[in-house]
Structure formats: structure tokens, C-alpha cells
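# Residue-level structural notes
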Amino acid sequence: MSESPVERIKKASDGLRGTLNESLLDEHTGAIREDDQTLIKFHGMYMQDDRDRREERAEKKLERLYSFMLRLRLPGGFLTAKQWIALHNITGEHTTGVIKITSRQTVQLHGILKSHLKPTISAFNKISLDSIAACGDVNRNVTVTAHSKVSPVYEEIFSYADKISAHLLPKTRAWYEVWLDEEKLAEINEEDPLYEDRYLPRKFKIAIAVPPYNDVDVFTNDVGLIAIIEKDKLTGFNVTAGGGLGTTHGNAETYPRLATLLGFINKDNVLKTVYEIATVQRDYGNRSDRKLSRLKYTIDRLGVDAFKTELEKRIGFKLQPPKHAELIHRNDEYGWHKNHEGKWYYTVFVESGRILDDENVHLKSAFLEIAKTGKASFRFTCNQNIIVADIAEEDKKPFENILNKYGIIAHTENASALRKQSMACVAFNTCPLALAEGQRYLPQLITKIETLLEKHQLKDEGIIIRMTGCPNGCARPFIAEIGFVGTAYGRYNMHLGANAAGTRLSKLYKENLNEEEILDELNSLLKLYAAKRTAKEAFGDFVVREKIV
Amino acid sequence: MLAEFKLKTFRSLVYSATKEELIWMNGFLSGLLQEEKTILSRVNGQSSALSGCTVVYGTETGNSKKVAVDFSNRLKKQGIQSKIKSLDQYRLADLSKESNLLVVMSTQGDGEPPAAAKKFYDYIHQNEIALNHLKYGVFALGDSAYPLFCKAGEDVDNRLSQLGAQRIIPVRKSDVDFEDDASAWIDELVNNAINSEENNVSANAVAVKVSENVKPAKPGKKIYEGIIAAKINLNDRCSNKETWHIEIAAEEAISYQPGDAIGIVAKNNQATVNKIFELLQLTGDEELLYKNETYKASKLFIEKIALQYLPARVVQLYAKMVEKEIPSIRMDLAELLRIYPADVKLDVQQLVHVLTPVIPRLYSVSSSPAAHGENEIHLTVARDTFSVDGHLRYGLCSDYLSVLKEGMPIQFYIQKNSAFKLPAAHNDIIMIGPGTGIAPFRSFLSERDAQSATGRNWLFFGEQHFVSDFLYQTEIQSFFETGTLTKLNTAFSRDQDEKVYVQHRMQQHAEELFEWIENGANIFISGTKDPMSVDVEQILIKIIAGQKNTDEQSAAAYLSALKESGRYHKDVY
Ligand code: SRM
Ligand SMILES: Cc1cc2nc3c(=O)[nH]c(=O)nc-3n(C[C@H](O)[C@H](O)[C@H](O)COP(=O)(O)OP(=O)(O)OC[C@H]3O[C@@H](n4cnc5c(N)ncnc54)[C@H](O)[C@@H]3O)c2cc1C
Ligand SMILES: Cc1cc2nc3c(=O)[nH]c(=O)nc-3n(C[C@H](O)[C@H](O)[C@H](O)COP(=O)(O)O)c2cc1C
Ligand code: SF4
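Residues numbered from 1 in each chain as written. Chains lettered and ligands numbered in written order. Predicted model: local features only at pLDDT ≥ 70, side-chain atom pairs only at ≥ 80, totals over all residues. Heavy atoms only, no water.

## Here we look at the site of ligand 1
Residues and elements named next belong to chain A. Not every one of the 30 residues close to ligand 1 is listed here, only the nearest: Thr 102, Lys 205, Thr 430, Cys 474 and Arg 476. Separating an oxygen atom of ligand 1 from a side-chain N or O atom of Gln 48 is a distance of 2.8 Å. Separating an oxygen atom of ligand 1 from a side-chain N or O atom of His 110 is a distance of 2.8 Å. Breaking the shell around ligand 1 down by element, the ones donating at least two residues are strand S1 (45-49), strand S2 (66-71) and strand S5 (107-112). For the shell around ligand 1, the per-class residue count stands at 10 nonpolar, 12 polar and eight charged. (Near = heavy atom within 4 Å. Polar contact = N/O pair within 3.5 Å; in protein donor to acceptor, adjacent residues only side chain to side chain. Helix = DSSP H or I, 4+ residues; strand = E, 2+ residues; numbered from the N terminus. Nonpolar A, V, L, I, M, F, W, Y, C, P; charged D, E, K, R; others polar.)

This is how it looks when you write it as C-alpha cells:
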């Protein structure tokens, strides 16, 4: 089978430069040229258009309202106070104004006009932030458990996110040349032994989990690293490979897959190992059908053993048997927590990860005021929430006042356990692949489900509900206790039965439901659950035990 | 064999003639030999009556020039030497030396001469020049829809005779469809000239001939009845602008060309009329006489007379009527009646007499017959907004058009603009049209596209914001993608800190722009007169000076040379 068009575009791109410079100069359109639309992803951006406005603009003889979404490369999802202030200002100046926390621990800014791209990026560059390889067929943002209170070795584990990200960065200087007008330096060697000129067949994701937390959903990543801590020392990691959730409606060859546990490696071997997993995928991955090109399919095609053998051949040593590590839960621990050094953390509930000021909650103002004190830092979680971090004992009170002043604490405490564990993807109006609503709709649906819970005396149950506007699975619905996957506008497939730890996938329960049907189904399921659950039994476990799925 | 003076004239005639003229004369003479001798005497009759005639014209949109050129050709055909000059090029000192002068001039503004004729107009009015030896005639172009119909031409006619010049033909006040009028007038002129030398015997013969030549000029202008077929606000939400693309469909074929404008007489809005009726205590059913026709007051005030921003002239007439001191400024009728009410009950009929008709507004046609068919015509109307002591107000006609609904009827006429026409299909054109200036260029591009013209096309467009104000963006894009539009540069003034306008883009492309010009490209500017067209022209001169590295005078000369040779066109307002 012949290579997919994307392969041609990558090879012909002269190190991801393509005709981006020309595209930026085109005065007749807010769009960029077709091949560049693929290449710009490798630079951390997506060309989008406001899908709500298409018909109206066409009528006015105006082209689609094109703009760009920028995704920061933020290994581990950490920002200093100074960086936050800059992010706040950039967002106000060049974007829709919403800071969107993603399910991979970084932020996306939407609605950046072509003419604003360079200013935006150079502004980020000034605070040493970039968007290189935040998207595209390369290693993506490396995520790591956000709950830094867990152990003294957290900082060390955390540092691996950065090391891995740096180690797997493409070598091309294109990003600096195109967006920062850096001179093209002949002497710089762009030779890229990892990516060569073809990059990976597909996106490549790495997550680091620190037991007992699995907030990163480590098993849904191409490569997972589970930190092994022995006698308060980090000795190494259990390595998993071949996770991924993306599927395509009506394409039976696509499926969600949990990563396979391969074995244990010492911490000194981490970089080498993830690097070689990438090279195996580079050489064996499917380059003709992008729907079947993720590592999960490569591994199933080669067979786990063959894959492992090839990997060990490349790293030059055998993987040790996996060590004991117990992952227990994925939800964020909201509110105040203190870490081993006595530093305070406040985890804020941010519905759908959208940081903005609305009538009752002023998240943006609050975080700006906090950042301006210079006495805290910020961490994003893979549940699209934010942690105000590293607060000294004596600053806790003043910060508490700020958080109260802007309604943050009330907002976080009053939100139901159900709502606080839920997650939705972006979907409309920016996502071109959306079939149904995501973050614009789930909050309303949750409200209706809350009434059902009340009705069945399950008010305080925290059931993990996740919704996506299409089967790509950006909010990881296939590993939720209740997952909604958009099939058409206003209609969703309903998946049930994942567990709290995120070690079991859900199964398809019903197809193509509209809201009314969804609520009917849930009503009877919750009724059953209330009646028949064993003590403390989670909803996901219940539906499996009852063989409902 | 020829007598001395005849020989002289004959020589001067023959040697001054062009090849075409000689061929024509040849045919003419042989033709004459067939005719009876009375006519033969015509030849010398002419030459002596009008030997050497200067035709000057003052034009805004090129109509007067077109007429003047026809005149001069017509005279040449009759074997009469004639020079033709635009009044802004005319050396005023020469006036006293002229022996025969034909003035072709339109009226602009509120009865004013065209900008190009201002110098001449003022010169003859402000100086006492003795012109006793001058023979002259004035052909005035105008639009009978304006209160001061052909005023400028009339003024010139009167003034010249005041200065002692001899009127050899009455001034002709010609309406928007001036062609037939013009040819009738020049025929008459030529034949009178002959007459003046004729003995009574041949008079009749000539009279016969003349009456044959004169086609009776049909009065008024062609008014089309159309309906609003489509209406779109081209600006996106959150724009400061409101620009309407309006498609008008008509049963009968509309005869127009790209570059023409369409004239529309707006209806006054009901609210204003109600206010005035209140002040005048009218019900609307009253019968009133206006310009020798009786109308119901309601119809008259809605459709016929101007109520907004009356000329100071009219305000003063009202002042006289009500015997009050009123400052000589422009005012709305409603305001006038409110602030300066008559002490005794006002005679409405008398008031109506001093009021002027609603004058038409012109809108560049933005469609092309070749592309959109002959039963459809498009315009691009910016809703004109301004504020009067803090209140948001709309311009009369653009507001009228902005609120018209699809399916509603509308009347319009075609305003030819012979100074703004596409060159031959193989010629390159440079189009500078920010804002509604894009209108005629949408027409040009559609036309050239439909006719797959080979000439290259370069468009400069500008507005406030790329996202909300890129008028006709998708159409322009497809012209660009299909190659009809060779180059496109845009300037969106408010998308960055420093303001950027089309002239800045032109400057950025100075070298290539000049290359195009040197290669024979035609330059077109359309849109607002001030400041846009002024700034653009200055930049053009700068660019030319820069590229030729000469001073700005010679650059300006270069530009007016382009203008003279019909390669530099403006349609600005
Ligand atoms: C922002 C985010 C969802 C959110 O609300 O947080 C997101 C948003 C998009 N994802 Fe995703 N994905 C996001 C996490 C995920 C995850 C979850 C994860 O990685 O933990 C998945 C499932 C795991 C996986 O990769 O299998 C995911 C699987 C996809 C896929 C399917 C990939 C596949 O193998 O089939 C696509 C479509 C594609 O790549 O062709 C996709 C494509 C997209 C795009 C870029 C649509 C596109 O390709 O044009 C979405 C942009 C929407 C917008 O307007 O912002 N996104 N996407 C998440 C950003 C993560 C980050 O910061 O990098
Ligand atoms: C050859 C030509 C081509 C043109 N092409 C186009 C075109 O393609 N598109 C287009 O949009 N326009 C075009 N125009 C301009 C158009 O003809 C009108 O001039 C324009 O629409 C404004 O007319 P209006 O009746 O709406 O405003 P008007 O009522 O004529 O008012 C015009 C101005 O007069 C002043 N004014 C009016 N009333 C008052 C008052 N009560 N108090 C104080 N000030 C007042 C205001 O400054 C106002 O802006 C063209 C003009 C010409 C000559
Ligand atoms: C803004 C404007 C004002 C005009 N004012 C008058 C006027 O006051 N009286 C008149 O008779 N014609 C008036 N006209 C009509 C022109 O004289 C008429 O269109 C003529 O054909 C233009 O000839 P030109 O192209 O030689 O300038 C006006 C036209 C315009 C565009
Ligand atoms: S899941 Fe589908 S709809 Fe939602 S953001 Fe991802 S690609 Fe878009």
C-alpha cells in the first residue's frame, strides 16, 4: 500500500519549513497553504475556523473565520508566577481570552489570527516557553503526576518529563526561523538520527505516573513510565507501551488499547529506552494508513514478544521483570494539601479546563493576582485542573483570601463529586473533527444527572463521566466509568465499566442516544446501582459485576 | 486656377489635414460634384466663418470630454481646423487671442463648475477681459434632477457675452443622455456658420439639409424600474462599517458598461415627513403644486422634495418668506420649521415652491454585463453615518438603500462615465480601490474574467479590519486563484498599532508598480476623494519621482501625461 500524503509532505518540508513563510505573507486569506496546515502542527499549532460562523460568513462573501490554536510544550505542566503573568497578558492580547487546560497537562490558546502568530510566539519565547512538537508526528507533551505532595523524590521524577521531552525534540531550527525570524545558520547540523526526514508515523505520547496516582492515565499513552520508589529513593520505572484510545466510527480495525506492561528499567536507562521505543515505531509503524499507525497497532501487528525483542536488541540490555506498583485513583485531590517540605498546594476545580472570568467565578483574575505576588507557582493536571503550588506556610492565609474573594474556594467546594471527576473535550466550535458537542454541553448534562443521583440517594457518589465530540477520545471516555462519545450532533454512544484506577477499559453499552434516551438509561442504571451495589462498590465495577456490559 | 484666398484656405486645409481627413475630403469633394452649385458655396462659407476653432472642456467624469472630442472631430470633418484642450490645461492668457471658442462643461456639486474648470470659471468672472472679437458657443452638461440644472455652463455663457464676446449659437442645457443633443447642437452650429455666409437663395436648401441632420433630442433620461433581488451586509458582526451589496433585477435589458455609475433618487423617511407635517399642520391628503404637477402632500414630501440638509440658498429663501434673520447655513427642513417658525400661518404651497427636488446619488456599478447578464445590476453601498449634536444620523440615500427589503421596487438610471473604462483586453490595469472603491473593480474583474482578457490585473484594496471588512473577499480570492487577478495587495488600517493604508502597500511595491506603468498599464483610482485619492496620488508621484529619480514636478508632469493619454483614471467622491 502506498504511503499516506502526510509522509510526502514531511519529507518534502525541508525540516518542517515548507512554505510557511510564504503562507504568512499571503494577504488574501487568513488561512495558510494546504501542506503547511499539516506542517504547522509540528510547530504546536492547528489551523481552525469558527464552525458556528461558516454559513453566515459565506453569505457575506467572507472566507471562513480562520484562526490558529496554539498548544504549549509544557513537560509536567509547570509554570512560574512570572510565566503565568505573561501567559495571562498574551491570552488577552492575541486570543479568545480563554486559557484552556488540556487533558495532557498543558494549555491551548484559541482564535489567534494569522497576523498575530509571530507576536504571540515571540512573546512566549521571551519567557522561555515554546510550542515545538506540541502536536504532529513526534513525541508530544510529556505528562507526569501532578500531586507533588506524594514523596520527597517527586522533584526528581518530575525532572524526567523535561529530560525526555528535550531528548526527543526534533533537531530542526525551523520553529526559530519561521516564528522568531532567526537567521538560517548553515553550520548548525540539523541531522536528526531519531526523526530523520520522515518523523514518526503518528503522534507519540509519554506519561509518567507516580503511584498510587494515575491522574495521567498512564495506560492510554504510547509509552508509560510508572515510578518505582524503594526506601524513599527512585530506583527506576516500570515501562508500558502501546496505549492509545483513538478510534474511528465504522472502522472495525481501530480500537482503544491499554498499554502492555513490558518490564522494569533503572532510572539511568529511561532516556535510552523511550528513545528506542520511538525508533522501533519509526521503523515498523504503518505509514500508509494513519488510522492504523499508532504504536498500539504496531505492537499488535508484530506481537508483544517480537516487539520486546526488537526493543531489547536496540537498547542493548534486557528489561527486568516489572516491580510491584499499585495505581489506585485518577481524580485530583481538591483543596488544600501540604507536601513533605511543608509547602501548601490548592487544587482548583476548573470545569472543562476553561480558565476565564464568568459571573460568579473569576479564575483569571484570581490567578493573576496570585501570580503578581510572585509567591506561588502553577501546575496543571491531566484532569484539566490547576494547582496553585509551592505556597509557604505564612502565605497560605493571604492566598486563601484571594481564592475566596474571587469565588474559587466556594466554586471548588460546592461542585458535586460527580462534576469534579467529569471531563469533556473541546469539540465545537473549534475542533474540525467534532461530530457532537463536548465541553459546551457536558456541564448541562451533569446538572441533569445530579438530579438523578439525588433521586436515588447517590448525591455524593463520584462517578467518572467523560464526554468527547468524536471517537478520537481526547477526554479519554473509553476509560471512564461512564463515557459519552459523539456520533452526530446531539447524539452519543454510551460506554460503561472502566475502573477507578484506570486499568480497565469501558465497553460500548448503547449507541446513538439523544439526551432524553441518555437520561432514561442512566435513571434505570442508577436505580439498579443504588439497590444492588455492594458497600463502596464503584459504579464502573458494579456494571461489570452485574454483567450490564 | 483658384483665387488667392481660396488657394490659401485650400492649402491650409489640405496641409493641416490628417491622412484620414484627406481620404474623407476626397470622397466629400467627389460627392459634392454630384450636387447643385448652391451647396458648393458651403465649403468656403464654412472655412471663413469658423476658421480655426478651439474646443475647451471641463469635466468630472469624462462626459464633457467625450462630447468635446466629438465636436472637434466633427469640425475637422467639415474642414475646420480645431484644437481641443481640457480647461485645466488651458492657458488663460490665450483667451483674449482666441477667435472661435466652443466651451463644453458640466455642472458639479450644487451648481458649481467641475474642479478642472474652476480656474477658468473664476478667471472670466473675476476679470474684465475684452472679448469683442471672440465668437463662442457653450454646450452645458448636467442632470435635470439637480435644482441648478447646468448652472455652471449657463454662467459661462452669460459671462462671456457680458465680456463682449459674440454668441454664435444659444447655450444648450443637456441632460444625462447628452449624445443626441450634442450631435444636434454641433450640426446646428456648423450649418448656422454656413448660413451666416449664405445668400438667401441657398438658405432654404441648407435649412432642409440642417433639419435632416438634426435628430430631435429626447428630453429627460432613461429611468429603469427594478426590484431588489438580493441584499447583503458585506461586513461581519463587530465591524464599525455597514456596506451593502445590492442586486437589482430589471425586466428590460439595462444598458451599461463597467465603470458606469447608477443614479438613484432616495425617498425621504416617513418619520421625518411626519415631523414636518406636524409642524405644518398637514394631514398629507392636501393637493400641492410642484414643478407644474399636482401631488398629494404625502407623495410630494416622501418622494419629490429634499428635506434633509437644505442648501443655505434655500434656507435664505425661507428666511425671506417668514421675514426672519437666519444664519446662512445648511439645515434640515424640520429643524428650520421648529427653530424659526413663521409668525403667521405659513402658506405651504409657497414653501414648497422654494424647496428643491431630492437630488440623485450615484453609486459605481459593481457588476458586469458580461458576467451577470443584462437584466441585473449590482451596487456596493456604504451606509453613511455621521452625528449631529451627539445624535447618530444616516445619509439620505445610503440609508434609504440600507433599509430597502428584498422584493421591493426601485427606480434608477445609468450615469455613464466615459473617463473610467477598461482599456483593450490585452492592456494591464492597476486598480486602487479601498472601501467602496472596490465596486467598479469588482465590475472590471468580472468583465475581464468573463471575456478572458489577457491583460494583467493588479488590485490594491484596503479597509479597517481583515476579519470583518474584506469586502467581496471570497470573490476576490477566486479571481486571484484562477489568475484573473494577477496581483493583490491589501491594507487593513486597524489590525496593528500603526495605521497601514493602500498607499503604503503601493510604496512597498514601488519598483514593480512603476515597471507596470512603464509597460503601459492603466491606473484606476476609485473611492473617497479626500483623503484617500489625494494621498494615493501623492504617493504615485513620489513613486514615479523615486523610480525615475527626478523631482516631484517632473513626476507630476509624467502623471498628467498619463492622464492626457487616457491611462490615469479617477472615480472618486
Ligand atoms: C485539547 C485536547 C482535548 C482537551 O479538551 O483537553 C485535544 C484536542 C484535540 N485533539 Fe486530541 N486532544 C487532547 C488529548 C487527546 C487524548 C488524551 C491523552 O492524550 O491523554 C487523546 C487520546 C489518547 C490517544 O492519543 O489515543 C487524543 C486523541 C486524539 C486523536 C486520535 C488519535 C488516534 O490515535 O486516533 C486525534 C485525531 C488525530 O490525531 O488524527 C486528536 C486530535 C485533536 C485535535 C487537535 C483536532 C485536530 O486534529 O484538528 C483537537 C483540538 C481541538 C481544539 O479545538 O482544541 N486527538 N487527544 C487534548 C490536548 C492534549 C495535549 O495537551 O496535547
Ligand atoms: C461618481 C460617484 C460614485 C460613487 N460611488 C459610490 C459607491 O460605489 N458606493 C458608495 O457607498 N457611495 C458612492 N458614492 C457616494 C454616494 O453617491 C453618496 O454620496 C453617499 O452614499 C452619501 O449619500 P447619502 O445620501 O447617503 O448622504 P447625504 O444625505 O448626501 O449626506 C452626505 C453628507 O452630508 C452631510 N450631511 C447630510 N445631512 C446632514 C445633516 N442633517 N446635518 C449635517 N450634515 C449632514 C454629512 O456629512 C453626510 O455624510 C459615489 C459618488 C459619486 C459622485
Ligand atoms: C456630485 C455631483 C453633483 C452634480 N451636481 C449637478 C448640478 O448641480 N446641476 C446639474 O445640472 N448637474 C449636476 N450633476 C450632474 C453632472 O453634471 C452630469 O452627470 C454630467 O453628465 C457630468 O459630466 P462630466 O462627466 O463631463 O463631468 C452632478 C453630478 C455629480 C456626480
Ligand atoms: S475528541 Fe474529537 S471532538 Fe473532541 S477534541 Fe478530540 S478530536 Fe475534537
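## With respect to the sheet that holds strand S12 (residues 344-348) of chain A
In any sheet, the strands associate via hydrogen bonds between backbone groups, in a parallel or an antiparallel arrangement. Residues and elements named next belong to chain A. Judged by pairing direction, the sheet is antiparallel, and its five strands sit side by side in the order S3-S14-S15-S12-S11 without closing on themselves. The strands lining the two open edges of the sheet, one partner per strand, are strand S3 (78-79) and strand S11 (335-338). In the sheet, S12 pairs with strand S15 (residues 386-391) via four bridges, with the strands oriented antiparallel. Residue pairing for S15: Thr 347 is matched across the bridge by Ile 387. (Pairing = 2+ DSSP bridges.)

## Quick notes on unusual backbone geometry
For the bond running from A:Pro211 to A:Pro212, omega is 5 degrees, close enough to zero to count as cis. For A:Pro212, the location among the structural elements is in the loop between strand S7 (206-209) and strand S8 (223-230). Here A:Asp390, not a glycine, exhibits a phi torsion of approximately 55 degrees, which is positive. Counting through the fold element by element, A:Asp390 comes out in strand S15. Its identity as a non-glycine residue notwithstanding, B:Asn292 has a phi of 60 degrees, on the positive side. When you line up the elements, B:Asn292 lands in the loop between strand S10 (287-290) and strand S11 (293-296). Classification of B:Asn292 as exposed rests on a relative accessible area of 74%. (Buried < 20%, exposed > 50% of the residue type's maximum accessible area, 1.4 Å probe, protein only.)

## Here's the deal with the environment of B:Gln547
Residue and element names in this part refer to chain B. Position of Gln 547 relative to the elements: it lies in helix H21 (residues 529-548). A residue is classified by how much of its surface remains accessible, and Gln 547, at 31% relative accessible area, is partly exposed. For the pair Gln 547 and Ala 510, spaced 37 residues apart in sequence, the C-alpha separation works out to 7.6 Å.

## Details of the sheet that holds strand S18 (residues 482-488) of chain A
Residues and elements named next belong to chain A. Taking strand neighbours across the sheet as the criterion, the five strands line up as S16-S17-S18-S19-S20 in an open arrangement whose pairing is mixed. The open sheet has two edge strands with one neighbour each: strand S16 (423-424) and strand S20 (507-513). With four bridges joining them, strand S19 (residues 491-496) and S20 adopt antiparallel strand pairing. Following the sheet pairing, Tyr 492 is matched in S20 by Leu 513.

## Observations concerning the coordination of the iron atom of ligand 1
Counting protein donors to the iron atom of ligand 1 gives just one, A:Cys474 (SG), placed at 2.3 Å. Looking at where A:Cys474 falls in the secondary structure, it is placed in the loop between strand S17 (465-468) and S18. (Donors = N, O, S within 2.8 Å, 3.2 Å for Na, K, Ca; no water.)

## Observations concerning helix H6 (residues 114-126) of chain A
All names here are of chain A. Considered for burial, the residues of H6 that qualify are Lys 114, Leu 117, Thr 120, Ile 121 and Phe 124. Down the axis of H6, the smallest arc covering the buried residues is 95 degrees, so these residues share one side. H6 presents Ser 115 and Lys 126 as exposed residues on the side facing more than 90 degrees away from its buried surface. With its phi angle positive at about 45 degrees, Ser 128 sits one or two positions after the end of H6. (Arc of directions from axis to C-beta.)

## Brief notes about the site of ligand 3
Residue and element names in this part refer to chain B. Neighbouring residues of ligand 3: 21 residues in total, closest Thr 59, Glu 60, Thr 61, Ser 64 and Thr 107. The contact in question runs from an oxygen atom of ligand 3 to an N or O atom on the backbone of Gly 62, over 3.0 Å. Interatomic distance of 3.1 Å between a side-chain N/O atom of Gln 108 and an oxygen atom of ligand 3. Notes on ligand 3: free accessible area 650 Å², of which the protein chains cover 88%. Here the residues of the shell around ligand 3 sort into six nonpolar, 12 polar and three charged. (Areas by Shrake-Rupley, 256 points an atom, 1.4 Å probe, with all protein chains shown as cover.)

## Quick look at helix H16 (residues 438-450) of chain B
All names here are of chain B. Between its first and last C-alpha, H16 extends 18 Å over 13 residues, near the 18 Å set by a 1.5 Å rise per residue. Burial analysis of H16 places 11 of its 13 residues in the buried class, the great majority of the element. Along H16, the residues classified as buried are Ile 438, Ala 439, Pro 440, Phe 441, Arg 442, Ser 443, Phe 444, Leu 445, Ser 446, Glu 447 and Arg 448. Where H16 ends, the next residue or the one after it, Ser 452, has phi of about 35 degrees, a positive value. (Expected span 1.5 Å × (residues − 1).)

## Looking at the packing of aromatic side chains
Applying the stated criterion to the full structure yields 37 aromatic pairs over all chains. When the ring of B:Phe514 is compared with that of B:Tyr558, the centres are 5.9 Å apart and the planes differ by 40 degrees; the resulting orientation is tilted. Of this pair, B:Phe514 sits in helix H20 (residues 510-518) while B:Tyr558 sits in helix H22 (residues 552-564), and the two are 44 residues apart along the sequence. Classification of B:Phe514 as buried rests on a relative accessible area of 9%. The cationic tip of A:Lys396 hangs over the ring face of A:Trp344; the distance from NZ or CZ to the ring centre is 4.5 Å. Here B:Lys231 stacks its cationic end above the ring of B:Trp244, 3.6 Å away from the centre of that ring. (Phe/Tyr/Trp six-rings, centres within 6.5 Å; stacked < 30°, edge-to-face > 60°. Lys NZ or Arg CZ within 6 Å of the ring centre and 35° of its normal.)

## A short note on the side chain of B:Thr484
All names here are of chain B. Along the chain, the position of Thr 484 falls in the loop between helix H18 (473-481) and strand S19 (487-492). Of the polar contacts made by the side chain of Thr 484, one reaches the side chain of Asp 449; its length is 2.7 Å. In contact with Thr 484, not counting residues within four places along its chain, are Leu 445, Asp 449, Asn 457 and Phe 479. (Contact = heavy atoms within 4.5 Å.)

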